[in-house]
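Structural overview for review
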Amino acid sequence: MAQNNNTSSEDLVEILKSDELEILNANGIESRRVINGVFKHKGAFLYSNLAIQNINTNVIEAFGNVRIVQGDTVTVTGDTLYYYGNTRLAIVSGRKTVLKDSKRTLTTRKIEYEMGNGIAYYKQPGRTVDEENVLTSKEGFYNTATKEFTYYRNVKLVNKKYTLTTDTLLYNSITKWSYFNGPTKIVNKDGTVVGTKGQYNTETTQSSFHKRTTVDNETYTLTADSLIVDGKSNDGQGKGNVVIVAKKDKTVLNGDEGYYWKSRGYSKIYGHAYVRNVVSEDTLYIRADTLYSFENARDSTRKLIGHKNVFIYKSDFQGKCDSINYNTADSVIRFFRQPILWSDQHYQMEADTITAFLVNNEINRMLLKGKAFVITEDTLVRQFNQVKGRIINAYFGAKNQLKQVLVEGNGESAYYAVDDKQKNIGLNRVECGRMNLLFKENRVEKISFVGKPDGKLIPPMKIKQPERQLEGFNWRISEKPTREKTIWAEL
């Protein structure tokens, strides 16, 4: 390093004492050989077993038990010292080189310490220890004035609460905030956080991440483009392509923004929100403006609630409504406010409220209350069988085939009768307070009435178009959600 040779007496490093002093002059270069000397410069003290001081360049080479004491806070020790008095740069090296201040200790093989601004720099593996943390890296800076550390390459911060590893870390020991960049992993007793850029408070254990990040623990994972996590409660808030996975019951929530409260087992997600729940190798998808998930910690069951503009898709039925409630404990799905359901087996159901009861992940029964209307498409006659009433219970057999419909109150039906040769023999229009219809292959096979039915059979040639439909009939198959629409993959 180039040095100013015109050193004034005020800038010259001063010898305070020594056991032996030898003044040397060779080729116009004046130097001093000092044994067990003490030097003073700009308020700092330098100690060593042997030192060579170049008066012309104001440079000291020191060996053996090297020590720098700056003020009452910073001490640097090592085996060898090069001190450039004009720039106040100290280079200390040795098998164990140590920088200590009042609260922490930095240990490495070589430290370059700029005493004027209080910045220490090392390019070899170093270890910093304070009351709470142990921090190691391949390279680093420490500002003894601001108490800020900057670490590079294989950075690892360890304390009783967690372990943090990253590529680059800026740590302020006063504010306790760590700012990291590059692949980063934070591990504590409750889980793991993996990200690439963000900040973490070692005291409050709060963290925020600015790129794609995942929080993982024994109950859930939360992934988002940006994330805020409370390390004490493990609550999280994510924004941008949020994915929350409940591990125990294979439930996955997706959306633009989401929250998770671990202690309450409660999640909320909105903005292109949908949930998928995997049961018996089939997947139930629910889409809504806002989705809520409540975990029952006792049995790991879950309640899912969808609010506003709900679409539902499952391999054997689809539907839409204004709000939905799904409880995995009893496999019951409740649809509210203008619900409508369809199936690939050619039926449509509407009511004020619909409750679906699943057994072995297949529909076993549906309960329709208030203005209940069931339509089945008869593909043989290319017409629609219809049943309506105040309350309808619909029962299903294998492969989601409709097998029975029970009507309670204000019952009406319109169904097509066929003979043994599968020939249409007419349209049955019946009104009765209670009725029981048995279906086979989407056709009415048998019907019974309780009370005094009022009905008629209209021959095929005499059926008028208005007679084919009960009041309120509306075949809305074009509105049936697809899987892609339910997961926002298509408009």
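Residues numbered from 1 in each chain as written. Predicted model: local features only at pLDDT ≥ 70, side-chain atom pairs only at ≥ 80, totals over all residues. Heavy atoms only, no water.

This part covers the overall build of the protein. Within the protein, the regular secondary structure consists of one helix and 36 strands. With the C-alpha coordinates aligned to their principal axes, the bounding extent of the protein is approximately 130 × 40 × 30 Å. A burial count over the protein gives 48% of its 491 residues as buried. Long-range pairs, those at least 24 residues apart, make up 38% of the contacts in the protein between residues at least 6 apart in sequence. Split by element, the accessible area of the protein, about 24100 Å² in all, is 47% carbon and sulfur. On the protein, the mean spot of the 70 positive side-chain charges and the mean spot of the 56 negative ones are 4 Å from each other. (Helix = DSSP H or I, 4+ residues; strand = E, 2+ residues; numbered from the N terminus. Buried < 20%, exposed > 50% of the residue type's maximum accessible area, 1.4 Å probe, protein only. Contact = heavy atoms within 4.5 Å. Areas by Shrake-Rupley, 256 points an atom, 1.4 Å probe, with all protein chains shown as cover. Lys, Arg positive; Asp, Glu negative; His and termini not counted. Charge placed at Lys NZ, Arg CZ, Asp CG, Glu CD.)

Here we come to unusual backbone geometry. In this model, lysine 147 sits at a positive phi of 65 degrees, which is unusual for a non-glycine residue. For lysine 147, the position within the fold is in the loop between strand S12 (139–143) and strand S13 (148–158). Residue classification places lysine 147 among the buried residues on the basis of a relative accessible area of 17%. Backbone geometry places histidine 272, a non-glycine residue, at a positive phi of 55 degrees. Within the secondary structure, histidine 272 is located in strand S23 (residues 266–279). Relative accessible area serves as the criterion here: at 44%, histidine 272 is assigned to the partly exposed category.

A separate point is the packing of aromatic side chains. Inspection of every chain in the model, using the stated rule, returns 17 aromatic pairs. When the ring of phenylalanine 180 is compared with that of phenylalanine 209, the centres are 5.5 Å apart and the planes differ by 45 degrees; the resulting orientation is tilted. Within this pair, whereas phenylalanine 180 is found in strand S15 (residues 177–188), its partner phenylalanine 209 is found in strand S17 (residues 206–209), the two being separated by 29 residues in sequence. Like phenylalanine 180, the residue phenylalanine 209 is buried in the burial classification. Ring centres of phenylalanine 384 and phenylalanine 473 lie 5.5 Å apart, and the angle between their planes is 55 degrees; this geometry places the pair in the tilted category. Taken together, the residues phenylalanine 384 in strand S32 (residues 383–396) and phenylalanine 473 in the loop between strand S36 (454–458) and helix H1 (483–486) connect sequence positions 89 residues apart. The exposure classification of phenylalanine 384 matches that of phenylalanine 473, with both residues buried. (Phe/Tyr/Trp six-rings, centres within 6.5 Å; stacked < 30°, edge-to-face > 60°.)

Here the focus is the side chain of asparagine 327. Structurally, the position occupied by asparagine 327 is in strand S26 (residues 317–327). The buried category is assigned to asparagine 327, whose relative accessible area is 19%. Every residue in contact with asparagine 327, bar those within four places of it in the chain, is listed here: Arg302, Lys303 and Val332.

We now examine the pattern of salt bridges. Counted by the stated rule, this structure contains 14 salt bridges. Among the salt bridges present, the one from arginine 104 reaches aspartate 101, with a minimum N-O distance of 3.0 Å. We note that arginine 104, like aspartate 101, is buried. The closest approach of N and O atoms between lysine 320 and glutamate 479, which form a salt bridge, is 3.2 Å. Pair noted here: lysine 320 is in strand S26 and glutamate 479 is in the loop between S36 and H1, with a separation of 159 residues, a long-range link. Of the residues examined, lysine 320 reaches a relative accessible area of 22% and is grouped as partly exposed. Classification of glutamate 479 as partly exposed rests on a relative accessible area of 29%. What you see here is one network of salt bridges that share partners, running through Lys320, Glu350, Arg476 and Glu479. (Salt bridge = Lys/Arg side-chain N within 4 Å of Asp/Glu carboxyl O.)

Quick look at the pairing of strand S33 (residues 402–418) now. Two strands pair when backbone bridges link them, and S32 and S33 are joined in this way by nine bridges, in the antiparallel orientation. Bridge pairing links alanine 394 to valine 405 in S33. Between the end of S32 and the start of S33, which pair antiparallel, lie five residues, with lysine 399 showing a positive phi angle near 55 degrees. Note that S33 and strand S34 (residues 424–440) share 13 bridges and pair antiparallel. Across the sheet, glycine 411 pairs through a bridge with cysteine 432, a residue of S34. Two successive antiparallel strands, S33 and S34, enclose a turn made up of five residues, where glutamine 422 displays a positive phi of approximately 60 degrees. (Pairing = 2+ DSSP bridges.)

On to the environment of methionine 115, then. Tracing the chain through its elements places methionine 115 in the loop between strand S8 (105–114) and strand S9 (119–122). Separated by 66 residues in the primary sequence, methionine 115 and asparagine 49 place their C-alpha atoms 21 Å from one another.

Everything listed here is a matter of coordinates, which is why it stays silent on function.
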